[in-house]
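Below are the chains, spelled out letter by letter.
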Amino acid sequence: MTVTRPFRTIDVVEGADRLAITLDRPAQRNAIDRAMIDELHQVCDQLEREPKLLLLTGRGDHFAGGADIGELRDRHRDEALAGINRTLFDRIARLPLPTVAVVNGYAFGGGAELAYACDIRIATPTTQFANPEPGLGIIAAAGAAYRLPALVGASLAKQVLLAGARIDAETALRSGLVLQIVADGDHVQAGHHLLDRIARSSALALRLTKLVVDAAAPRPFADDLAQAVLFETSDKYDRMTAFLEKRNR
């Protein structure tokens, strides 16, 4: 594999049949900020022009601890209506060839929604999925409301989205959210082994299979409208401020 052009928030390694992307903000638990969104859009540009398999993982102990709360706190109605994170995750979900998220540690909030947008997920014993957005005065508007029920069923999805439940690795495996659980430290290699197996299939057959399976995808504009209302509330701002102050103590 060879390293592609440099990025600030992600590490990209390109091979003959795949791109391996590592979210690279470990000090922030790989929180997804606007710079990372923009850089992942650049990756999508490349994969739409030259379709390849995609492996996505996070640097350090966690996949992605969520969206950047400092940025979210200062977003308002127009940003919500633009669907900044959702637009990227939907784009990743539409990539022509299969995508694999290798999830260790936390996949919370936007990090969970990014993992949900991938076609297949691999976990480690430390993996936890969660969508705590209502506790911050907003909703999980970047795909969880329509992807998670499709992945694990409405009952478990509501436990996560409404009751703040976390999905650990064993529950994720039983529910079909992940393909397998592998040891920490072996997870990236396991992702590549999976892509090796996928790569043995016809690229065109894979592309058409994905297109057919995803043909009934929902239209998530209601998520953006609801988020636009919530982004204007003082409750959202106060809750995110309290979160940031607690974290910085």
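Starting from 1, residues in each chain are numbered consecutively following that chain's sequence as written. Whole-chain, interface and lining totals are the exception, using all residues; otherwise, since this is a predicted model, local features are given only for residues with pLDDT of at least 70 and side-chain atom pairs are given and counted only at 80 or more. Values shown for side chains rest on all heavy atoms present in the structure; no hydrogens or waters enter the calculation.

The name given to the chain in an unreviewed UniProt entry is Enoyl-CoA hydratase/isomerase family protein, and the organism recorded there is Nocardia africana.

## Notes on the pairing of strand 7 (residues 120-123)
With four bridges joining them, strand 5 (residues 99-103) and strand 7 adopt parallel strand pairing. In the strand pairing of strand 7, Ala101 is matched with Arg121. Only strands that DSSP links by at least two bridges are regarded as paired with each other. Each helix is a run of H or I in the DSSP string that is no shorter than four residues. Each strand is a run of E no shorter than two, and both are numbered from the N terminus. Two strands pair when backbone bridges link them, and strand 7 and strand 10 (residues 180-181) are joined in this way by two bridges, in the parallel orientation. Considered in strand 10, the bridge of Ala123 is made with Ile181.

## Thoughts on the nonpolar core
Ile10, Ile21, Phe63 and Phe129 are the most contacted members of the largest nonpolar core, which has 48 residues in total. Ranked by residues supplied to this core, first place goes to helix 1 (residues 34-49) with six residues. Residues belong to a common nonpolar core when they are buried Ala, Val, Leu, Ile, Met, Phe, Trp, Tyr or Cys residues joined through side-chain atoms within 4.5 Å. Each residue's exposure class comes from its accessible area (1.4 Å probe, protein chains only) as a fraction of the maximum for that residue type: buried when under 20%, exposed when over 50%, partly exposed otherwise. One finds Leu55, Val100, Ile122 and Leu206 within the second-largest nonpolar core, a separate group that totals 14 residues.

## Some remarks on the sheet that holds strand 8 (residues 128-130)
Taken together, the three strands give an open sheet; going across it, the order is 6-8-9, and neighbouring strands pair in mixed fashion. Each edge of the open sheet is held by one strand with a lone partner, namely strand 6 (106-108) and strand 9 (167-168). For strand 8 and strand 9, the ladder comprises two bridges, and the chain directions are antiparallel. In the sheet register, Gln128 faces strand 9, and the bridge partner there is Asp168. Contacting strand 6 and strand 8, helix 5 (residues 110-117) crosses the sheet at an angle of about 95 degrees to strand 6. By the convention used here, residues are in contact when the closest approach between their heavy atoms is within 4.5 Å. The convention used is that axes are lines fitted to C-alpha atoms, helices contributing only their stretch in contact, and that angles between N-to-C directions extend from 0 to 180 degrees.

## A few points about the packing of aromatic side chains
Classification of ring pairs uses Phe, Tyr and Trp, with its six-membered ring standing for Trp, and accepts pairs whose centres are within 6.5 Å; under 30 degrees between planes counts as stacked, over 60 as edge-to-face, and the remaining range as tilted. Tallied over the entire structure, the rule returns two aromatic pairs. Whether a charge sits over a ring depends on NZ of Lys or CZ of Arg being within 6 Å of the ring centre and within 35 degrees of the ring normal. Above the face of the Tyr106 ring, Arg166 is positioned so that its terminal group lies 5.8 Å from the ring centre. Above the plane of the ring of Phe231 lies Lys236, whose end atom (NZ or CZ) is 4.6 Å from the centre.

## A closer look at the packing of helix 1 against helix 4 (residues 84-93)
The interhelical angle for the contact between helix 1 and helix 4, taken along N-to-C directions, is 25 degrees, at an axis separation of 10 Å. By the angle class used here, helix 1 and helix 4 are roughly parallel. In this structure, helix 1 crosses over helix 4, and the sense of that crossing is left-handed. On helix 4, the residues touching Arg34, Ile37, Leu40, His41, Cys44, Asp45 and Glu48 of helix 1 are Ile84, Asn85, Thr87, Leu88, Arg91 and Ile92. Only Asp, Glu, Lys and Arg are considered charged in this grouping, and only Ala, Val, Leu, Ile, Met, Phe, Trp, Tyr, Cys and Pro are considered nonpolar; every other residue, Gly among them, is considered polar. Of the residues belonging to the contact of helix 1 with helix 4, the class tally is six nonpolar, three polar and four charged. Should an angle fall under 35 degrees it is taken as roughly parallel, and over 145 as roughly antiparallel, whereas 65 to 115 is taken as roughly perpendicular and any remaining angle as oblique. The crossing is said to be left-handed when, going from far helix to near helix, the turn is anticlockwise and less than a right angle, and right-handed when the turn is clockwise.

## Overview of helix 12 (residues 234-247)
The periodicity of an α-helix, 3.6 residues per turn, causes residues three or four positions apart to be oriented the same way. To estimate the expected span of a helix, count its residues, drop one, and scale the result by 1.5 Å. Here helix 12 spans 20 Å end to end across 14 residues, near enough to the 20 Å set by a 1.5 Å rise per residue. Taken together, the buried positions of helix 12 are Lys236, Met240, Thr241 and Leu244. Each buried residue of helix 12 lies within a common arc of 125 degrees when the element is viewed along its axis, so the set occupies one face. Opposite the buried face of helix 12, at more than 90 degrees from it, the exposed residues are Ser234 and Lys246. Working definition: the arc comes from the directions between the helix axis and the C-beta atoms, pointing outward to the latter.

## A few points about the pattern of salt bridges
For this analysis, a salt bridge means a side-chain nitrogen from Lys or Arg found within 4 Å of a carboxyl oxygen belonging to Asp or Glu. Summed over the entire model, instances satisfying the criterion amount to 18 salt bridges. The salt bridge involving Asp24 is made with Arg59; its shortest N-O contact spans 3.1 Å. With Asp24 in the loop between strand 3 (18-23) and helix 1 and Arg59 in the loop between strand 4 (53-58) and helix 2 (69-73), this pair connects stretches of sequence that are 35 residues apart. The partner of Arg86 in a salt bridge is Asp90, and the shortest N-O contact between them spans 2.8 Å. Taken as a pair, Arg86 and Asp90 lie in helix 4 at a separation of four residues, close to a single helical turn. Across the pair, Asp90 and Arg86 agree in class, each one buried.

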